[in-house]
Amino acid sequence: MLELADELVAARLVLHRLTVLEAEIAHEREIVEQAPGLAASVSERRAAIEEIARDLEAQWVDQGPLVSLWQRAVELAELAEGSGADSAEYRADVDEARLRVETARLVTRDTLDRLCTQREALVDELLAAPFDLPTPAPVRDDGRPEAGRRDALALIEAADAALAVSEEQRSRAAAELERAERQRVELGDEAEVEARVAALERSMPEIVELPASAPPSAAIRLQRAGLRVTVDAPA
């Protein structure tokens, strides 16, 4: 009876381990299968963001002279006011220079909208990954192309980090999957183990009476198998 109880406990442990292994295998296989697709999507998103970063850099270069003229016009207007001269003409130049910058930045706004769209799509892909990935910061509400370019570069860095993590997770999951599948084979077929557990449970009574002379370990081994144990009173 004690040997059967020990065998039942061991079989139940094997069955539990097989159940855990099945969950581990399913999770690791999901990572192995999804990581390449995730990497491809992130790489595609990265390329689109890199193109936007180049557009913003070009706009930054193009708008540089316009911003300089605006700043110069402001300085001249302030000098005229400080000297007591009529600054109306200079203020007109300030308004005209500002209008040129604002007009140029309408194009930048459209580019930043494209960047926001790409960032949202990238976040959706990162959140759908079967492992944790950091979420990149949102694009700031700043109409300057140089600020947008910095945000684009930050998104590129986030995409690169996600690609590195994805490859690390794929490699780790592949190794873990191989280990878990090997251990599952070593433990045996789950259906056969379940049948063995059921057969052992049927072969054992619900209550076992032990003589008073039985060692305490006997009761512990039987109770560990889920049996109720009674001990005869000493004669």
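Everything here concerns the structure above.
Cut-off values and rules
Residues numbered from 1 in each chain as written. Predicted model: local features only at pLDDT ≥ 70, side-chain atom pairs only at ≥ 80, totals over all residues. Heavy atoms only, no water. Helix = DSSP H or I, 4+ residues; strand = E, 2+ residues; numbered from the N terminus. Rg over C-alpha atoms; globule rule 2.2 N^0.38 Å. Buried < 20%, exposed > 50% of the residue type's maximum accessible area, 1.4 Å probe, protein only. Contact = heavy atoms within 4.5 Å. Areas by Shrake-Rupley, 256 points an atom, 1.4 Å probe, with all protein chains shown as cover. Axes fitted to C-alpha atoms, helices over the stretch in contact; angles between N-to-C directions. Parallel < 35°, antiparallel > 145°, perpendicular 65-115°, else oblique. Left-handed = near helix turned anticlockwise from the far one by under 90°. Nonpolar A, V, L, I, M, F, W, Y, C, P; charged D, E, K, R; others polar. Expected span 1.5 Å × (residues − 1). Pairing = 2+ DSSP bridges. Right-handed = clockwise from strand over helix to strand, strands pointing away. Salt bridge = Lys/Arg side-chain N within 4 Å of Asp/Glu carboxyl O. Core = buried A, V, L, I, M, F, W, Y, C linked by side-chain atoms within 4.5 Å. Bend = angle between axes of the 7 residues up to and from the residue.

Caption draft 1: Representation of the overall build of the protein chain within the structure. What the protein chain contains, in helices and strands, is five helices and two strands. Written out in order from the N terminus, the α and β elements of the protein chain read α-α-α-α-β-α-β. Against the globule reference of 18 Å for 235 residues, the protein chain gives a C-alpha radius of gyration of 36 Å, more extended than a compact globule. Taking the principal axes of its C-alpha atoms as reference, the protein chain extends roughly 125 × 35 × 20 Å. Per-residue burial over the protein chain gives 31% buried out of 235 residues. Look at the contacts in the protein chain between residues 6 or more apart in sequence, and 72% of them connect residues 24 or more apart. By element, 53% of the accessible surface of the protein chain is carried by carbon and sulfur atoms, the whole surface being about 14,000 Å².

Caption draft 2: The packing of helix α1 (residues 2–83) against helix α3 (residues 145–187), seen in detail. Remark: α1 packs on α3, axes separated minimally by 6 Å, with the N-to-C direction vectors making an angle of 160 degrees. In terms of axis orientation, α1 runs roughly antiparallel to α3. Between α1 and α3 lies a crossing of left-handed hand. Across the contact of α1 with α3, the residue classes break down as 26 nonpolar, seven polar and 17 charged.

Caption draft 3: Inspection of α3 at higher detail. End to end, α3 covers 61 Å across 43 residues, agreeing with the expected 63 Å (1.5 Å per residue, within 8%). With its phi angle positive at about 105 degrees, glycine 188 sits one or two positions after the end of α3.

Caption draft 4: Local environment of the environment of alanine 104. Mapped onto the elements of the fold, alanine 104 is located in helix α2 (residues 88–127). Expressed as a C-alpha distance, the spacing of alanine 104 and proline 205, which sit 101 residues apart in the sequence, is 88 Å. Once residues lying within four places of it in the same chain are set aside, the contact partners of alanine 104 are Gln63 and Leu66.

Caption draft 5: Inspection of the side chain of glutamate 28 at higher detail. Along the chain, glutamate 28 falls in helix α1. Setting aside chain neighbours within four positions, we find glutamate 28 in contact with Arg172, Ala173, Glu176 and Leu177.

Caption draft 6: Main features of the pairing of strand β1 (residues 207–210). Of the two faces of β1, the one lined by Val208 and Leu210 is fully buried and the one lined by Ile207 and Glu209 carries no buried residue. Bridge count between β1 and strand β2 (residues 228–231): four bridges; the pairing is parallel. What sits directly across from valine 208, in β2, is valine 229. Taking the sense of rotation as the criterion, the β-α-β connection linking β1, helix α5 (residues 216–224) and β2 turns out right-handed.

Caption draft 7: The arrangement of the pattern of salt bridges in detail. According to the stated counting rule, one finds 22 salt bridges in the structure shown. Between arginine 17 and glutamate 24 there is a salt bridge, and its shortest N-O distance comes to 3.5 Å. Several salt bridges share partner residues, and in doing so they unite Arg17, Glu24, Glu176 and Arg179 into one network.

Caption draft 8: Main features of the nonpolar core. Among the nonpolar cores identified, the biggest contains 21 residues, and Ile49, Leu115 and Leu133 are the most heavily contacted of them. In contact with leucine 133, other than residues within four places in its own chain, are Leu38, Leu126, Ala162 and Val165. Among the nonpolar cores identified, the runner-up in size contains 18 residues, and Met204, Ala219, Leu222 and Leu227 belong to it.

Caption draft 9: Fine view of the environment of proline 134. Along the chain, proline 134 turns up in the loop between α2 and α3. We classify proline 134 as exposed; its relative accessible area is 54%. Considered as a pair, proline 134 and glycine 84 are 50 residues apart in the sequence and their alpha carbons are 57 Å apart.

Caption draft 10: Up close: α1. In α1, a bend of some 35 degrees at glutamine 63 exceeds every other bend along the element, and proline 65, a proline, comes one to four places later. Within two residues after α1, glycine 84 carries a phi angle of roughly 85 degrees, on the positive side.

Caption draft 11: Examining the packing of α1 against helix α4 (residues 190–203) more closely. One way to put it is that α1 packs onto α4 with a least axis distance of 9 Å and a crossing angle of 150 degrees. Here α1 is positioned roughly antiparallel relative to α4, judged by the angle of their axes. The handedness of the crossing between α1 and α4 is left-handed. Contacts between α1 and α4 involve Leu4, Glu7, Leu8, Ala11, Arg12, Val14, Leu15, Leu18, Thr19 and Glu22 from the former and Glu190, Val193, Glu194, Arg196, Val197, Leu200, Glu201 and Ser203 from the latter. Of the residues in the contact of α1 with α4, the class split is nine nonpolar, two polar and seven charged.

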